[in-house]
Amino acid sequence: MESRGQKRSEIDDEFPADKRACSSLEFRPSTSSSSQTPLNSVSSTPENNDHADHMDTESEGGEPEKDSAYDSCDEEEEEDHRHGELRDIQRQRAPGDHGKFQTIISSLSEEVDLSQQLVMLTELCEVLSFCTEDSLSGSTSNSLSPILVKLARDETSADIILLAIRAMTYLCDVYPKSSAYLVRHDAVSALCQRLLAIEYLDVAEQCLQALEKLSREQPLACLQAGAIMAVLNYIDFFSTSIQRVALSTVVNICKKLPSEGPSPFMDAVPTLCNLLQYEDPQLVENVAICLIRITERVSHSSEMLDELCKHGVIRQATHFLSLNGRTTLSQPIHNGLIGLLVKLSSGSVVAFRTLYELNISSILKDLLSTYDLSHGMSSSHVVDGHCFQVYEVLKLLNELLPTSARNQDAPQLSEKESYLINQPELLQKFGMDILPLLIQVVNSGANLYICYGCLSVINKLIYLSTSDMLVELLKNANISSFLAGVFTRKDPHVLISTLQIAELILQKFSDNFLDSFIKEGVFFAIDALLSPEKCSLVTLNKCSKLVFPVSSETRLLSDFSQKSASKEVLRCLCYAFPSSSPGSDNGSCMLEKDSVYSLAKHVRYKYFAPELCDPEKSLTDVLLKLRTFSASLSDLMNMTLDACAPDQHEESFYGIMNQVMEKLSGTEPISTFEFVESGILKSLMTYLSNDRYLRQKDELVATKGDIYAVEKRFEVFARLLFSSPDLFSRDLPIITLIRRLQSSLSTLENFPVILSHIPKQRNSYATVPYERHTAYPCMRVRFVRDKEETSLGDCCGDAFTVDPYSSLDAIEGYLWPKVNAKGTGHIKFATGVECQSECAPSSASSSQGGSQNAGEPESMSTDLPELKADEINLTQPEPEREPSNEQANPGTSLDETYADTVEKDIEAHSEEDTDMEEQYHSSCSNDDTSPKLFFYLEGKQLERSLTLYQAILQQQMKEQEIVIGSKLWSKMYTLTYRKAVGQESAHKEGGDPAESSAVSDKAGVYALYASLFSSMFPCELSSDLEKSNPIYDIVYLLKSLESMNKFIFYLMSRQRICAFAEGRINDLDAFQIAVTQVPQNEFLSSKLTEKLEQQMRDGLAVSVGGMPLWCNQLMASCPFLFSFEVKCKYFRLAAFVPLLGQSPSPSHSDSGMTSDRRQSSGGLPRQKFLVFRNRILDSAAQMMDLHAYQKVLLEVEYDEEVGTGLGPTLEFYTLVSHEFQKSGLGMWREDGGFFTTGISHAEDTGILICPCGLFPRPWSSTMDASDGTQFSDVIKKFTLLGKIVGKALQDGRVLDLHFSKAFYKLILGQDLGLYDIQSFDPVLGRTLLEFKALVERKRFLESVHGENPTSEFDSCFRKTRIEDLCLDFTLPGYPDFVLASGFDHKMVNSTNLEEYVSLVADATINSGISRQVEAFKSGFNQVFPIEHLQIFTEEELERLLCGEHDSWAFYELLDHIKFDHGYTASSPPIVNLLEIIHELDQEHRRAFLQFVTGAPRLPPGGFASLNPKLTIVRKVNTSEQLC
């Protein structure tokens, strides 16, 4: 039975073309671009047309690609033109077709012989195949219907029957209203009779096609005529494509099942359950939809639900919910099956028992465990699918835990509860599986609805469990810590559930959990709820209303080809789970006033002894001990250092922190409450920063002594944290500390996720600041002059529509000319004009008037993918970008138009559709950057650095903890403005002291790493956090540890140098340090990652300016907290979303899903470019000169070659990458140096091999040429390389480049030091460090013994005098690079060795490469600002730019490769192919990828991110078909 869905796949080939079942799509070019396609080559469903010959489309792009995501604009326009001409021809034919119909009707109505009937029916089918709806009328259809039905019942000729039914099919397709006429003349019964008789297979297939058309318009008539059983009766005899048609008919009928009346569909349930065993995914999905609809229809009848259970519906559904069977179902269907189980378990005791017997908890456990795995680079709606999956799982869990006896209205135990009481082992197994996962989901940053659902399930589970079960259940759950974390939530419903759980636990196990509640801080959290400050935060008037999916399975499974109303409504959390909310569903909150306070007071005074009210008596021993350590650190900070004290000071610090770390990693557990409440974090950060921590930014003037003190303390701390673990712990001390901090952060943080809850994105018109259309709602704002302001004029009294993501500076730029009193005579005129311009778009968009749903502007015509093209980060203004001189005359009409537009926009920046570069110019080029206006909302000044949306959001968050996203858009805001006085220089302060404090001497700049410590502390984390908040301490310490981990090699090397200088080490080989860094994912916060993922998933998150401020600030200051995938999404929002108000290009619309790798370019217009293979770099330079600064998606076509699209374009970037790595360019260290170590791949390629990666070759400022290479050419190539890299990132292309880690640091704007040289030139770097150690030893000995060293060895390098090394003052490996000249700089000796080291380091990583690096950055900035990359690490940037290296696991290949047209994952050829691919070595893998995709590397995310998917199809030879 398993393989029956694959039977007779080629059966259509056995019949003549005129007797083959077909869809009118195959013969009517007006309805499909794939007309005249035989059925055997393409399925009857559009889905399978997408990838007909997919391997061909993805292999080097030799042929034009068929996928719509890669068709060029020109091809789309040509196709539209062809269709337009065809429609004109068809309209001209309409009168003639009408006459033909009358002739055919007349002929068929008469008694004619068989041959003439065949001729007339054939002509009718031909006319119907090519006519349009205009050619037919109701009367014609009404006349044809009885004739065709009569002929379909005729028994004389099979050909007559076939052609009559085919004519019915075409008639319904051309004129859908004709279905009613056919039904009226009993066509459905006639077709069903033919299907049940099944005399001729081709006739039966055509009957299925006709019924599918009829069921679309007349599902009820088909149901009453018994069409469901008719199409399913002999379904095994048909090919897969025809089976799909049959199931489509059943789906159409089931979508419109009547709410009352007989239920003939129940007879089809056994057959449908049997069909679930087939292999065809589309067939199985349609069967699942039918069963889901049937279950919804009979959900009111327990008898019918029991009957469904008897047919095995539950067993089949649970099979597909398991992870093993999940790959065959799409996410919406998967969620719908969970909803099916919800309906069954709610209304059927049989279903309830069956689910427990089938161990449903194990399946749901696996589903919940995937909740944290939805951060990959898949499309956004897949992630949303995971969220709806959790919604449905929580509904099912609530149904499986009935607690009706808990309500006073139902004192008797229900049958379900009695079953659980009599089967305690089932409930215990259920709890052991589910409870840990629910806790994990809540701790991972779940939204309010999911959090409340999890708490509801936990509450019921604890209520139903006996005392013995509860002991086992909570033994390893750490429920106390979990409850303490949930108490940080501010929603009353969540707090009530948490208090109920705490009360149940104390009621059943008061003695066991009382101490745990005190240790974890639960007691203090409950006590805090009784304080007036906390009570004011959780009052009912601030109670949240949340969008949660009502009947979500119906919404998710709706026919996406039809517009259906959204089923989401704003409702109180009281009604989130029907089984837990009896009573009328009127939407109002059912919580009583002060219910949180009352329950907290009840728990507090009933279960906690009065003596616990004394704070001193309620403290644990661990907390007191940690407070002692904290006090010791504070005392150590306050000690006055004398000349002999530094070493003792450091050892004291080491001793205290060693005791702290022993306590943290010891056997005695330490709770988050104890860890944070002790104050150890604040004391530690104060000491490490030398009292610079928590100071205001303008107070941070770091001196050289401060930097030295911080350096020494970090060295001591690193020595402790990276020391070998003890016997009781397998982890390094730093990992123990990081995990403790991460646990505390997850427990305590409460950053809000603000969702808009606006279901549809619609076009709107923003008057302020740029007077243009936006692809998202606008805010209605009234600008009012402050009462005390006399120097400004009044603004128009009417409301303005303001772009919510515009900055206050931009709003000021719009408003200032209209209210500036210098031209009072123009104020009224300006405001009058403004009112008119504002009213016109308001009348066109009903949302501005407020009569429709608030915040929902009129429907837009552009597609959603085009919204995400290219937008700036408004919270951080970017530098002005203009095309370079070489781009001034690009030479094509497109670019000339673009340049003209820029010039006009500079002259008049208020003109509509202002170009992006010009907006930067107008906003950033003003000499006077001081604010002219201050804005106030409800009396409080708004922050200038924020967007309007963020400013309003911040204001509301300060007033109340819970912000309802939808209300933000419905409210009318009144902004008061007044003239800015006395703060002209406010924006110029900040950030400079740290830069000016850097060590200025050459040796210090490149030999030390002061920049790390001087820049670590003057940094804002998030304005949402008060500095007294413990989260501030936690995040700051995590940031310090992450910096320490990044620079651990420098710290350890510095320690070795100091030890060598003091004589504690005499062997220079001791400098070979092997330090294992902590993996970067240890610093990742899964909870914050999930929250930012949720925020970016919001429908209006089209800009980083549309998210809460904490998202931007934490990403800027602590990007290590977020996963690489989330950072990629944020990066694309910040760098590539279209500039505010810029209308998305209507010339292209991507169909289908797009991976995140290509989201940045999904809505960009496409631009072809002709490339010459023999002049790749010249072509690349010309391409970048023309298009680098333009927001277009570049596609390559090669000269005298056929094909364009993704494959050739990826190959182009690969070829360009290889060109930049060829020898003789003078760009890289391995090219042209005297001690070059690079060799070629092969003699004929000349490509450099750089084991440590490419790093720029140093060029002296006095050199114009070297070895025949001009330095000006080198600069041009670096500029071109910058453009190529930027464009590759913008367009989502992969480069085959291997930059060194040090070069990536330069790209990210980081400074290099002496210790970085070893990362790209190990020999030179190590030698310079050894020289540095000799210099430090000489300095130390001179400080101790005077100018004469005590030992000749002390000034020798590996038993050789420095003078005997015969080093001159030229750069090693580059004899023409002179470091210094003069009598004292001829040869290197012990006296000038320090200067030599500094000069070599400076030439290698600073002055010798600075012009090349600046050229690279200038080229890059012409595409987008390079500062956007600074959220990535060096390793992440390489992954983003060059893709994945190793991602070839067998199961990954299986999961992310699509098999179609007769192949499945279990087909022997597929298994053999995957095994061969899996065993390929590195070179063959590169070659395979190059052949299939055009690039030798996979994009970030591996095979999962390939778009379109790598697809393998079965291609049947013509000779085989004839056989």
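Residues numbered from 1 in each chain as written. Predicted model: local features only at pLDDT ≥ 70, side-chain atom pairs only at ≥ 80, totals over all residues. Heavy atoms only, no water.

**Notes on the overall build of the protein**
Right, so step 1: Scanning the protein for helices and strands turns up 62 helices and 19 strands.
Right, so step 2: Counting all 1523 residues of the protein, 57% fall into the buried class.
Right, so step 3: Within the protein, contacts between residues separated by at least 24 positions form 77% of all contacts whose residues are at least 6 apart in sequence.
Right, so step 4: With the model as given, the accessible surface of the protein reaches about 62800 Å², and the carbon-plus-sulfur share is 50%. (Helix = DSSP H or I, 4+ residues; strand = E, 2+ residues; numbered from the N terminus. Buried < 20%, exposed > 50% of the residue type's maximum accessible area, 1.4 Å probe, protein only. Contact = heavy atoms within 4.5 Å. Areas by Shrake-Rupley, 256 points an atom, 1.4 Å probe, with all protein chains shown as cover.)

**Focus: the packing of helix α3 (residues 114-130) against helix α5 (residues 158-174)**
Right, so step 1: At a minimum axis distance of 9 Å, the contact between α3 and α5 shows a crossing angle of 25°. By the criterion of interaxial angle, the relationship of α3 to α5 is roughly parallel. The two elements α3 and α5 meet at a crossing, and its hand is left-handed. Here L114, Q117, L118, L121, T122, L124, C125, L128 and S129 of α3 come into contact with α5, specifically with D159, I160, L163, A164, R166, A167, Y170, L171 and V174.
Right, so step 2: Here the residues of the contact of α3 with α5 are counted per class, giving 13 nonpolar, three polar and two charged. (Axes fitted to C-alpha atoms, helices over the stretch in contact; angles between N-to-C directions. Parallel < 35°, antiparallel > 145°, perpendicular 65-115°, else oblique. Left-handed = near helix turned anticlockwise from the far one by under 90°. Nonpolar A, V, L, I, M, F, W, Y, C, P; charged D, E, K, R; others polar.)

**A word on the nonpolar core**
Right, so step 1: Membership of the largest hydrophobic core comes to 185 residues, with the highest contact counts inside it found for L232, L272, L341, L344 and L397.
Right, so step 2: Beyond its immediate sequence surroundings of up to four residues, L232 is in contact with L247, V250, A268, T271, L272 and L275.
Right, so step 3: Formed by 169 residues, the second largest nonpolar core is a distinct cluster that contains L1186, A1188, I1307 and A1380. (Core = buried A, V, L, I, M, F, W, Y, C linked by side-chain atoms within 4.5 Å.)

**Considering the confidence of the model for the protein**
Right, so step 1: When pLDDT is averaged along the protein, the result is 76; 71% of the residues meet or exceed 70.
Right, so step 2: Mean pLDDT values over the elements of the protein span from 36, in helix α38 (residues 893-907), up to 96, in helix α57 (residues 1410-1421).
Right, so step 3: Residue range residues 372-384 is modelled with pLDDT below 50. Its contacts to residues more than four positions away, or to other chains, number 32 contacts.
Right, so step 4: Note that pLDDT drops below 50 for residues 543-568; the model gives that stretch 69 contacts with residues more than four away or on any other chain. (pLDDT = per-residue confidence, 0-100.)

**With respect to the environment of A288**
Right, so step 1: By secondary structure assignment, the location of A288 is in helix α13 (residues 281-297).
Right, so step 2: By relative accessible area, which is 2% here, A288 ends up buried.
Right, so step 3: Separated by 29 residues in sequence, A288 and A317 place their C-alpha atoms 8.3 Å apart.
Right, so step 4: Discounting residues that sit within four places of it in the chain, A288 has contacts with L276, I333 and L337.

**Regarding the packing of aromatic side chains**
Right, so step 1: Per the counting criterion, the structure on display carries 40 aromatic pairs.
Right, so step 2: Taking 4.9 Å as the distance between ring centres and 65° as the angle between the ring planes, the aromatic pair formed by F1331 and F1357 counts as edge-to-face. Of this pair, F1331 sits in helix α55 (residues 1322-1345) while F1357 sits in strand β14 (residues 1356-1357), and the two are 26 residues apart along the sequence.
Right, so step 3: Using a relative accessible area of 3% as the deciding quantity, one classes F1331 as buried. (Phe/Tyr/Trp six-rings, centres within 6.5 Å; stacked < 30°, edge-to-face > 60°.)

**So, helix α30 (residues 621-638)**
Right, so step 1: If you check α30, its first and last C-alpha atoms are 26 Å apart, about what 18 residues at 1.5 Å a residue would give, namely 26 Å.
Right, so step 2: When α30 is considered as a whole, its buried residues turn out to be V622, L623, L626, F629, S630, L633, L636 and M637. Buried residues in α30, looked at end-on, bunch into an arc of 140°, giving them a common side. In α30, the exposed residues that point more than 90 degrees away from the buried face are D621, D635 and N638. (Expected span 1.5 Å × (residues − 1). Arc of directions from axis to C-beta.)

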